[in-house]
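Summary of structural features
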Amino acid sequence: MYLIIQITPIINLSIILHFTHSIQLVRILSQDSRKIVGRDKPYPNSHIENIGGRRRRTTRLNPRRQHSAEGACSFWGCSIITATTTRRRRRRRRRRITARTIIFIKIFVSMAMIVQASASGGGVWDSIMEMTKLGQERNIDPFVWAVQVSSSLSSSGLSLPSVELAHLLVSHICWANNVPITWKFLDKALSSQLVPPMLVLALLSNRVIPGRQIHPAAYRLYMELLKRHSFSSTSEMRSFSYEKIMKSIDDALLLSQSFGIQESEPGLLLVLLAFSIVWKLLDAALDDEGLLEFTPDKRSRWPMRMQDGEMDDHERLQMKKIEQHAGLRKMNTLMAIEIIGNFLQAKVTSKILYLARRNLPSDWAIFVQRLQLLAVKSSIIRNSKYITPEMLLQLTQDTSKVLPRECKTSLPQEFHAVMASGSLIPSVRQSHGVSRSALWIPIDLFLEDAMDGLIVAATSAVDTITDLVKSLKAVNGTTWKDAFLGLYIAVLRLVQRERDPSEGPVPRLDTCLCMLLSITTLAVLRIIDEEESALNENSDGSCTTQRKDNEVQGSCRSELVSSLQLLGEYEGLLTPPLSVTSVANQAAAKAMMYLSGINIGSGFLDSVSMNDMPVSCAGNMRHLIVEAYIARNLLDASAYMWPGYVNVRSNQIPRGVAGQVPGWSSLMKGAPLSLPMVHALVSTPASSLIEIEKIYELAVSGSEEEKIHAATVLCGASLVRGWNVQDHVVLFITRLLSPSKPVDYSGSDSHLISYGPFLNVLLVGLSTIDIVQIFSLHGLVPQLAGALMPICEVFGSCSPKISWTPTAEQEINSHTVFSNAFTLLLMLWRFDNPPVDHVIGGVPHVGSQLTPEYLLTVRNSQLASSTANTEYQNRRRRLSNLLNPSSYAEPIFMDSFPKLKWWYRQHQASIASALSGYEQGNPVHQIVEGLLNMLFKKINRGSQSTGSGTSSSSVSGTDEAALRLQLPAWDILEAVPFVLDAALTACAHDKLSPRELATGMKDLADFLPASLASILSYFSAEVTRGIWKPASMNGTDWPSPAANLSSVEQQIKKLLAATGIDVPSLDTARSSTPTLPLPLAALLSLTITYKLDKASERYLNLAGRAVIMLSAGCPWPCMPIVASLWALKVKRWSDFLVFSASRTVFHHNNDAVVQLLRCCFSSTLGLNTSPGLSSGGVSALLGYGFGSHLSGGISAVAPGLFYLRIYPFIRDPMFMAEEILSLLLMSVRDIVSSGLPREIFEKLKKSKYNHGVRYGQASMAASMTRVKLVASLGASLVWITGGLNLVQALMRQTLPAWFISQHRMGEEGNDGGDEGHKVSMLGGYVLAYFAVFCGAFAWGVDAADSGTAKRAKVLGRHLKFMAMALDGKISLGCDLSTWKAYVSGFVSLMVGCTPAWIAEVDVSVLKSLSNALRQWNEEELALALLGAGGMRAIGAAAEMVIKNRL
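What you are looking at is a predicted structure, and each value in this text was computed from that prediction instead of being measured.

On to the overall build of the protein. A tally of helices and strands in the protein yields 66 helices and 6 strands. Going through the 1446 residues of the protein one by one, you find that 57% of them count as buried. Within the protein, contacts between residues at least 6 apart in sequence are counted, and of these 77% link residues at least 24 apart. Accessible area of the protein: about 58800 Å², with a carbon and sulfur share of 52%.

Next up on the list: the packing of helix 46 (residues 994-1007) against helix 47 (residues 1011-1025). Interaxial distance between helix 46 and helix 47 falls to 8 Å at its minimum, and their mutual angle equals 140°. When the axis of helix 46 is compared with that of helix 47, the two are oblique. Here helix 46 contributes Met1001, Leu1004 and Ala1005 to the contact with helix 47, which in turn contributes Ser1011, Ile1015 and Phe1019. Here the contact of helix 46 with helix 47 is built from residues that sort into 5 nonpolar, 1 polar and no charged.

On to helix 43 (residues 923-935). For helix 43, which comprises 13 residues, the first-to-last C-alpha distance of 18 Å matches the rise-based estimate of 18 Å (1.5 Å per residue) to within 8%. Within helix 43, 10 of the 13 residues are buried, which leaves the element mostly enclosed by the surrounding structure. For helix 43, every residue scored as buried is listed here: Val924, His925, Ile927, Val928, Glu929, Gly930, Leu931, Leu932, Met934 and Leu935.

So, on to the environment of Leu492. Locating Leu492 in the fold gives a position in helix 23 (residues 480-496). Using a relative accessible area of 0% as the deciding quantity, one classes Leu492 as buried. Considered as a pair, Leu492 and Met515 are 23 residues apart in the sequence and their alpha carbons are 9.6 Å apart. Apart from residues lying up to four places away in sequence, Leu492 is in contact with Leu516, Leu567, Leu573, Leu574, Met621 and Ile625.

Judged by side-chain charge, Arg88, Arg90, Arg91, Arg93 and Arg94 come together as a positively charged surface patch. A relative accessible area of 33% places Arg91 in the partly exposed class.

Further remarks concern the packing of aromatic side chains. Counting across every chain of the model gives 39 aromatic pairs. When the centroid spacing of 5.3 Å and the interplanar angle of 85° are considered together, the rings of Trp1298 and Phe1299 count as edge-to-face. Trp1298 sits in the buried class, given a relative accessible area of 8%. Judged by relative accessible area, which is 0%, Phe1299 ranks as buried. Taken together, Phe259, Phe275, Trp279, Trp302, Trp364 and Phe367 form an aromatic cluster joined through their ring pairs. For Arg301, the ring lying beneath its charged end belongs to Phe259, and the centroid distance is 5.4 Å. Above the face of the Tyr1090 ring, Lys1002 is positioned so that its terminal group lies 4.8 Å from the ring centre.

Further remarks concern the side chain of Thr182. Along the polypeptide, Thr182 turns up in helix 8 (residues 180-191). Side-chain polar atoms of Thr182 contact the backbone oxygen of Asn177, separated by 2.8 Å. Beyond its immediate stretch of four places on either side in the chain, Thr182 contacts Gln136, His172, Ile173 and Asn177.

A few words now on unusual backbone geometry. Cis geometry is found at the peptide bond from Leu160 to Pro161, where omega equals -5°. Its place among the elements puts Pro161 in the loop between helix 6 (142-155) and helix 7 (163-173). Here the amide bond leading from Trp1116 into Pro1117 is cis, since omega sits at 10°, within 30 degrees of zero. Structurally, the position occupied by Pro1117 is in the loop between helix 50 (1094-1113) and helix 51 (1118-1129). For Gln193, which is not a glycine, the phi torsion comes out positive at approximately 60°. Position of Gln193 relative to the elements: it lies in the loop between helix 8 and helix 9 (197-208). The phi dihedral of Asp990 is positive, around 60°, even though this residue is not glycine. Here Asp990 is to be found in the loop between helix 45 (969-988) and helix 46. Residue class for Asp990 comes out exposed when judged on its relative accessible area of 66%.

The next point concerns the side chain of Arg859. Secondary-structure assignment places Arg859 in helix 40 (residues 852-868). Here Arg859 is buried and forms no salt bridge, its nearest opposite-charge partner Glu890 lying at an N-O distance of 7.9 Å. A distance of 2.7 Å separates the side chain of Arg859 from the backbone oxygen of Glu890, its partner in a polar contact.

Before going further, it helps to spend a moment on a nonpolar patch on the surface. Nonpolar side chains collect at one region of the surface, where Tyr594, Leu595 and Met641 lie side by side and expose about 300 Å² of accessible area between them. Mapping Tyr594 onto the fold places it in helix 27 (residues 581-595). Judged by its relative accessible area of 39%, Tyr594 falls in the partly exposed class.

Take the nonpolar core next. Grouped together as the largest cluster of nonpolar side chains are 448 residues, with contacts concentrated most on Tyr222, Met515, Phe822, Tyr1382 and Phe1386. The greatest single-element share of this core, amounting to 20 residues, is contributed by helix 59 (residues 1260-1300). Discounting residues that sit within four places of it in the chain, Phe1386 has contacts with Met1291, Ala1328, Ala1331, Val1332, Leu1355, His1358, Leu1359, Met1362 and Ala1381.

The next thing to look at is the packing of helix 39 (residues 814-826) against helix 45. Packing of helix 39 against helix 45 leaves a shortest axis separation of 10 Å and a crossing angle of 60°. Put simply, helix 39 runs oblique to helix 45. Together, His815, Phe818 and Phe822 of helix 39 and Ala969, Trp970, Ile972 and Leu973 of helix 45 make up the contact between the two elements.

Among the secondary structure elements, Ala1365 is positioned in helix 61 (residues 1348-1366). Look past the residues within four positions of Ala1365 in its chain and what remains in contact with it is Ile1370, Leu1372 and Trp1379.

For the rest of this paragraph, the subject is the pattern of salt bridges. Counting across every chain of the model gives 28 salt bridges. One salt bridge in this structure joins Arg220 and Glu224, with 4.0 Å as the shortest N-O distance. With Arg220 and Glu224 both in helix 10 (residues 216-229), this residue pair falls 4 residues apart, about one helical turn. Residue Arg220 is classed as partly exposed on the basis of its relative accessible area of 24%. One network of salt bridges, with partners in common, ties together Glu448, Arg497, Glu498, Arg508 and Arg1205.

In terms of burial, helix 35 (residues 726-736) is largely enclosed, as 11 of its 11 residues are buried. Of the positions making up helix 35, those classed as buried are Gln726, Asp727, His728, Val729, Val730, Leu731, Phe732, Ile733, Thr734, Arg735 and Leu736.

Moving on to the confidence of the model for the protein. Of all residues in the protein, 75% have pLDDT values of 70 or greater, and the mean over the chain is 79. Low pLDDT, under 50, characterises residues 541-549; the stretch is placed with 15 contacts to residues that sit more than four places away or in other chains. Here residues 656-660 is modelled with pLDDT under 50, and outside its nearest four sequence neighbours on either side it reaches 8 contacts, counting other chains as well.

We now examine the environment of Arg1132. The topology assignment puts Arg1132 in the loop between helix 51 and helix 52 (1134-1143). Considering only alpha carbons, one finds Arg1132 and Ser502, 630 residues apart in sequence, at a separation of 8.6 Å.

Reading guide: rules and limits
- Residues numbered from 1 in each chain as written.
- Predicted model: local features only at pLDDT ≥ 70, side-chain atom pairs only at ≥ 80, totals over all residues.
- Heavy atoms only, no water.
- Helix = DSSP H or I, 4+ residues; strand = E, 2+ residues; numbered from the N terminus.
- Buried < 20%, exposed > 50% of the residue type's maximum accessible area, 1.4 Å probe, protein only.
- Contact = heavy atoms within 4.5 Å.
- Areas by Shrake-Rupley, 256 points an atom, 1.4 Å probe, with all protein chains shown as cover.
- Axes fitted to C-alpha atoms, helices over the stretch in contact; angles between N-to-C directions.
- Parallel < 35°, antiparallel > 145°, perpendicular 65-115°, else oblique.
- Nonpolar A, V, L, I, M, F, W, Y, C, P; charged D, E, K, R; others polar.
- Expected span 1.5 Å × (residues − 1).
- Patch = residues over 30% accessible without salt bridge, like charges linked within 9 Å, V, L, I, M, F, W, Y side chains within 5 Å.
- Salt bridge = Lys/Arg side-chain N within 4 Å of Asp/Glu carboxyl O.
- Lys, Arg positive; Asp, Glu negative; His and termini not counted.
- Charge placed at Lys NZ, Arg CZ, Asp CG, Glu CD.
- Phe/Tyr/Trp six-rings, centres within 6.5 Å; stacked < 30°, edge-to-face > 60°.
- Lys NZ or Arg CZ within 6 Å of the ring centre and 35° of its normal.
- Polar contact = N/O pair within 3.5 Å; in protein donor to acceptor, adjacent residues only side chain to side chain.
- Core = buried A, V, L, I, M, F, W, Y, C linked by side-chain atoms within 4.5 Å.
- pLDDT = per-residue confidence, 0-100.

In structure tokens:
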């Protein structure tokens, strides 16, 4: 008090006010109650560690004082360990009072100095700087200094923490005032929240880390501050200047610029700050140990050394004495490494770095590479007591920190175990019961569906398989090795189902082999190329289209090798079909000859007979698969040395070569393309791209004869079974169908007319249905349609006088070329689809949207992508250099083909309404009269009118010969509907006999084969209209099916019963004569008149598809009648026809559809009681093929195979989606009860013989595996049935409606309790898997451009529904356990399997759902959701980590 009285005269009122404020601040600023004046640590024996918000203190007390330690007095911020005696207590109280008095005096004196400095005219920052310098000179206590600074800032109206003060202090310290007292001032400012810690640490990192060699003590102090104050407080986020602080950090460190990020959200900058600090410490450690030169860049992204311009003379002198600090520098390096380890392990900082790892993958990969380098080569790390090289390497590989598959949620452990399941290694061959191989059922279903000749896809099967394999790998959580193995097992099963097929009009074996050896190879190749292109882009900084010698190879390539080696164990699947046995043997012989040192080039295999090879030289399908990859340079000849690949000794190989035979090797040596050579090349597929390019060059620039020969070769074996070059062949043929106009062409007609014979050869070669399917699998249907439309337009407008004679035995004209082109075009789209299929249920079937406009839209989109899409440019390097995309990339539209457009509009009009009459005297009238006179001479057309308003007059005497020669095809097609209408009306009024009607239509089809299209169009519309009287199939007027109709119906009933379907309506007895609608009877009679030869095949396929679709829509038993009549004509097709007829049962009976779907689920789970189908899995679902393999007639058809053939006949896809959803939940109850009836299950439940696993009840993990299985099955059926539209309707409408409606799963079929809870919980999980599988199949799991906009919109709407329901804004009718399991399961699967989905959803929706999850105590899941939201959501995720101290 004496000292206060002595200085009182110099103090005015303002000082007293400052003093009063300071007294209050003393209490506030004394946050650390363990620090007192002159004491740096709270206790002599205490240790404080603060990393990422985790504070830990270890204190050792004197054993004598330990039992008497009590609480602490915290008013003045000092901790007093209570003594055991009163004397000690009094002595310490006196010391404490004395210390407080000294503090008051120092504060009082210092405040006087502050006021005097302010009064002298300086600003607040000048006064603070003077105060700091004065405190530095006088060694003022940091606590007192902090009170002074806080008082000064408060009196000036400045908010705390202060950004300006942080800059001021760091600039003051570095480097003019680098003394201990200034670092203490800075430490006190940080602990007193006078400055933002993150900003100070950021500023120091820019100054201290580059100067660590000169100022090692400062580097040490910086790391101490980093340990104490990094991410340890949320005060900065709560302050009003939070954005200003983060903006200042970004300006200081240039974080956005360094990481190439446009956004500058505070939370995002927080993540970048943490990442940059750790990265700087890592590079500093590497630099200190001389390891930076081992990095690819050989330098750091951040400044590691001070530049000469930044050092003064004193610092240059210090550089010369740097050796004196060697020990401290080593300690600093070790401490930096330990801090890096702590950052990667601590609870808060590890989560912040997880956000960087997830959203900055390329930067994180570089960081991890350097961290691994440090762990391997660092010598200092081996001296650490806290971290070892092994621990550091483990941290680089540790994926357990906030990773989705193992995040700590309320999900049971079995859920995470099932998410990670999917390996095929334990299950060898087709397994008994449900195995892990069944998780790849979606691939089996897609492959089988793609073989259906009724549907032509507009998209490539390569794209679909690629996306499907990626999706299943992601959701199943497998390696690429298992994914490739699962894919090949599925395709091999497809081929094996065709080993002994039932004969029918649609061949499938060549299509299956195309799928195995071409499509699947290209899909795998695309996956590998995508991975390696991404790796090379990251390593080179740019993506190049040329393969380089030092190109990086990814892990997918080695995983493929492993899967193909393991494929050899599946011997039952590798047996080749009989037709390709010789090809497989040749592939095996090639490997044997290579290992024997024989040169297998120069046509050796063309000359060696397989009869000369050893018996053990038998090849299998794996040899063909390996050859496919060798031909595409994905594998090399080292594959021949795999264990067990060949089994013949070298002395058993024949070394004599017969004389040279015509073949591809002869052609490449310069042999002319003679007729014997053409015959040889047509029957033998090319083995390399260069051979196909040789033929293509001849087709483009050869003589007229060579062009026709080259076209013949291209449409031969190289197209059907040239699997290694098939993708090139289909492209070459498509390009040849659009020949460019010659430079010297000056004619007024289209240049295409001069190519008539050449185009006709190509069109005839493509006319078979299996060739169309091959083009469909390669995704070239849109481009093929675009090439055919100009041909149809040009040749359909030409007079048939234009003719050619390519050979002495053949003469063709414009009608021939037009008919072949038009028939092929009609096979590419569903023109014969009944109109009702387009409207019922609001969701169209897959394939029903194929129209000419749609095909052209897809074609234009594909070609535009080929020139602009980077991904396509990566694929471009595997295509021939002769294919220049820019030469055919011009878009085309229907308006470019007025004649074709007019016919298409007429076709649509005939479906919508009946024909309108034509005026007499116009050209159409003349053509109609001429055609009627030519085809139906017995029609009495005196003054009668046709049934649909068509008027007729006397025959005009049109010359029939002139009609044949002069009328263009389009004019004839315009008149055909009126001719058919008149003829059908005459037949209905008994003016024309059915036989004459059929004969006349056949004559019309022979005269102009393209008229078959108008015939089908007219009769399809008339059958749908239903205004004609039925035709009595009595054998007199119309053909009778009585001979075998009863047998066909019995076989249909037997077939359905064997599959597990009971349809009582089939039992109705028939006493009357069977009837058909008159138009259908007429069309059926026309098809029966065709001969089964090569020339009629393409027309029968077109007409047969229409007859099947029309019969399916007619009342029962129209389809059995059709099948019976055709079975009488072609007996060997009986099984195929019976199966086709049985499919129409489901068109008329929804209950049969439900029964079939139930059979699909029960057979997959192994719950089916049918013989041979009780094992479950793929074998039970799809069987082993179709045909009469069992004694006693036709065998049972597997339910999955049945469904894939009947879903196009069901009118309402939404109905099937709802039924599939219902059956999913019923399957959950079967899974819980092990498929037993409830009475038996309850009886076993009460049995005394239940030990461990009760009454056959599966464990939770096994139940989850089966839940996942049925979910993938249900999702596959929904996706195949309705495609993208049905999946989006499911997410938008069906699932939300189900949750809102009243569903109590646990109460249905159970008495509640544990079983009811398990059913409810598993019900939620099965719906979660079902929804994710559906989305993955329809949208893919990548950030693809196709359908992404719709994906983001639909998914965002679904997540918004979740968030609103969690917030209580939507009332739910389902069990809470079901809802909770669905939400947590769905979000977990999205985060872990489809993070690209989340990155596209609106951030506000993610935040809302994340907040709702936190209310369920799902903090980890909420963080993972935001972390997967991309850069837009990373800020919210980081702030959630800090604020909630996860």
